[in-house]
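Coordinates in review
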Amino acid sequence: MKRKVAIVGCGGIAQVHTRAIQDLEGTELCAFVDCRLERAKKLAAQYGGAGAGIYEGIEEMLSAGKPDVVHICTPHYLHVPMAIKVLESGGSVFMEKPPAISREQFAQLEIAAEGSTGKLGVCFQNRYNASTKKVDELLREGSLGEVKGGRAFVTWNRGANYYQDSDWRGRWETEGGGALINQSIHALDLLLRWLGEPDVVEASMGNHHLRGVCEVEDVTEAFLGFPGGKRACFYATTAYVSDEPVLIELACENGSIRLEGERVTVRYSRGEEAVFLLKTGSSAGKSYWGCGHAACIGDFYHSLEYGTSYANDLGAVANTLRVMMRIYESAGRGSLF
Ligand SMILES: NC(=O)c1ccc[n+]([C@@H]2O[C@H](COP(=O)([O-])OP(=O)(O)OC[C@H]3O[C@@H](n4cnc5c(N)ncnc54)[C@H](O)[C@@H]3O)[C@@H](O)[C@H]2O)c1
């Protein structure tokens with residue numbers, strides 16, 4: 001029996017999910033949901049089987065027939081309420097980032113996930129990048145010693161049209177923030193992957209470029225202090241003129257690791273340098289979405305097939321979510337504009 005899969009939210013990122021699902025054995029795209037019905041119809045025509053259902057709302061879809069897995073590709077504020085509906089129906093959920101837009105939402109999601117027979121996975125696809133795995137490997141190998149600190153820079157470009165063409169982006173209520181929660185959550189997630197849980201979070205944010213167009217931040221900077229004196233500096237902006245590769249650098253006891261897009265550079269204090277150019281695969285969407293979606297989604301289905309735990313379950317994304325919330329709280333979310 002093939003697993004029945006539904007897509008909720010048939011906009012930009014849904015294309016990447018449908019392609020990844022189509023390439024997986026034992027799955028069948030059986031339902032497409034979008035409040036703009038024409039989008040659901042279009043995606044169903046591209047990827048759905050003959051009997052695929054097309055729906056305007058998630059409730060309608062769930063009462064028509066329960067899919068085994070629902071992919072949630074809707075605006076940020078809808079992720080949690082929609083995931084809870086699916087989990088309560090006993091289905092599994094694969095949800096786009098962010099896993100929530102508030103601590104309250106995240107707590108509700110944790111309760112729903114605990115009480116459900118369904119499984120929940122979050123799309124943090126950059127954890128699957130070959131460059132990410134290379135950094136893991138270099139740190140595991142041990143000759144660089146302990147990580148002492150890190151820095152991350154995201155300098156991207158989102159113009160007025162990006163906000164004006166969307167009914168949910170650019171508003172605290174529906175997007176939950178800007179440069180941090182939307183464009184740089186993956187960079188924060190990777191920085192924390194290698195540094196752990198900070199005990200100090202101090203941040204500021206602003207809207208330099210599109211004041212009057214969107215109410216969310218277009219720049220976030222944060223100082224993160226970790227036990228043992230480790231420190232990290234984080235900077236993310238969408239006010240730049242182009243989408244530059246994300247840069248993350250780790251300062252270690254015996255050298256440093258610099259990850260810039262798909263290039264990993266290791267510098268040892270003793271003078272040697274090594275460069276690794278890594279490719280994860282072709283991006284099924286915009287290049288800055290990265291190439292990890294297929295691997296991230298494939299791993300989720302693997303965990304369903306074999307009843308194993310999923311690497312990006314709620315427990316595994318909780319630190320990133322909580323640090324992100326602490327950054328917004330420290331910076332005074334919403335009060336600046
Ligand atoms: N993992 C990544 O790197 C990555 C990349 C891009 C987008 N995303 C995430 O994917 C999500 C969607 O982003 P997008 O760029 O595709 O946005 P989008 O606006 O293109 O698509 C969202 C779709 O949801 C539909 N929708 C809105 N309300 C709905 C409702 N109540 N019921 C059914 N459908 C509804 C909209 O009509 C739209 O078609 C966001 O959470 C975003 O952060 C993640």
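Moving on, we get to the overall build of the chain. Secondary structure assignment for the chain yields twelve helices and 14 strands. Against the globule reference of 20 Å for 337 residues, the chain gives a C-alpha radius of gyration of 20 Å, in line with a compact fold. Taken along the three principal axes of its C-alpha coordinates, the chain extends 65 × 45 × 35 Å. Buried residues in the chain amount to 46% of all 337 residues.

Relative to the elements of secondary structure, Pro81 occurs in helix 4 (residues 79–88). The sequence separation of Pro81 and Pro99 amounts to 18 residues, and the corresponding C-alpha distance is 11 Å.

It is worth spelling out the pairing of strand 12 (residues 255–260) at this point. Across six bridges, the pairing between strand 11 (residues 247–252) and strand 12 is antiparallel. Following the sheet pairing, Glu249 is matched in strand 12 by Arg258. Relative to strand 13 (residues 263–268), strand 12 runs antiparallel, the two being bridged by six bridges. Following the sheet pairing, Glu260 is matched in strand 13 by Arg263. Here strand 12 folds back onto strand 13 in antiparallel fashion, the turn holding two residues, of which Gly261 has a positive phi close to 60°.

Turning our attention to the sheet that holds strand 6 (residues 120–122). On the basis of which strands lie adjacent, the open sheet formed by six strands has the order 3-2-1-4-5-6 and parallel pairing. With one partner strand each, in any of the chains shown, strand 3 (53–55) and strand 6 form the two edges of the open sheet. Between one strand axis and the next, the sheet turns through 20° on average, direction left out of account. Across three bridges, the pairing between strand 5 (residues 92–95) and strand 6 is parallel. When the sheet's bridge partners are listed, Phe94 is paired in strand 6 with Gly121.

Looking now at the site of the ligand. Near the ligand, the surroundings consist of 25 residues, among which Gly9, Gly11, Gly12, Ile13 and Glu96 are the closest. Classifying every residue of the shell around the ligand by side-chain character gives eleven nonpolar, nine polar and five charged.

To continue, consider the packing of helix 4 against helix 5 (residues 103–114). One way to put it is that helix 4 packs onto helix 5 with a least axis distance of 9 Å and a crossing angle of 10°. The orientation of helix 4 relative to helix 5 falls into the category roughly parallel. Between helix 4, through Val80, Ala83, Ile84, Leu87 and Glu88, and helix 5, the contact on the second element is made entirely by Gln105, Gln108, Leu109, Ala112 and Ala113. Of the residues assigned to the contact of helix 4 with helix 5, the class counts are seven nonpolar, two polar and one charged.

Following Lys97, the chain continues into Pro98 via a peptide bond in cis, with omega recorded as -5°. Of note, Pro98 is situated in the loop between strand 5 and helix 5.

Below, the discussion takes up the domain arrangement of the chain. When its domains are assigned, the chain resolves into domain 1 (3–122) and domain 2 (127–286 + 314–331). Domain 1 and domain 2 are separated by 27 Å when their C-alpha centres are compared. Contact with domain 1, which involves 20 residues of that partner, is made by 13 residues of domain 2. Mapped onto the side of domain 1 that touches domain 2, the elements with two or more residues apiece are helix 1 (14–22), helix 5 and strand 6. If one sorts the elements of the side of domain 1 that touches domain 2 by residue count, helix 5 sits on top with five residues. Of the residues belonging to the side of domain 1 that touches domain 2, the class tally is 14 nonpolar, two polar and four charged.

Conventions we followed
- Residues numbered from 1 in each chain as written.
- Predicted model: local features only at pLDDT ≥ 70, side-chain atom pairs only at ≥ 80, totals over all residues.
- Helix = DSSP H or I, 4+ residues; strand = E, 2+ residues; numbered from the N terminus.
- Rg over C-alpha atoms; globule rule 2.2 N^0.38 Å.
- Buried ≥ 20, exposed ≤ 12 C-beta atoms within 10 Å, placed from the backbone.
- Pairing = 2+ DSSP bridges.
- Axes fitted to C-alpha atoms, helices over the stretch in contact; angles between N-to-C directions.
- Near = placed C-beta within 6 Å.
- Nonpolar A, V, L, I, M, F, W, Y, C, P; charged D, E, K, R; others polar.
- Parallel < 35°, antiparallel > 145°, perpendicular 65-115°, else oblique.
- Contact = placed C-beta atoms within 7 Å.
- Domains from an automatic or database assignment.

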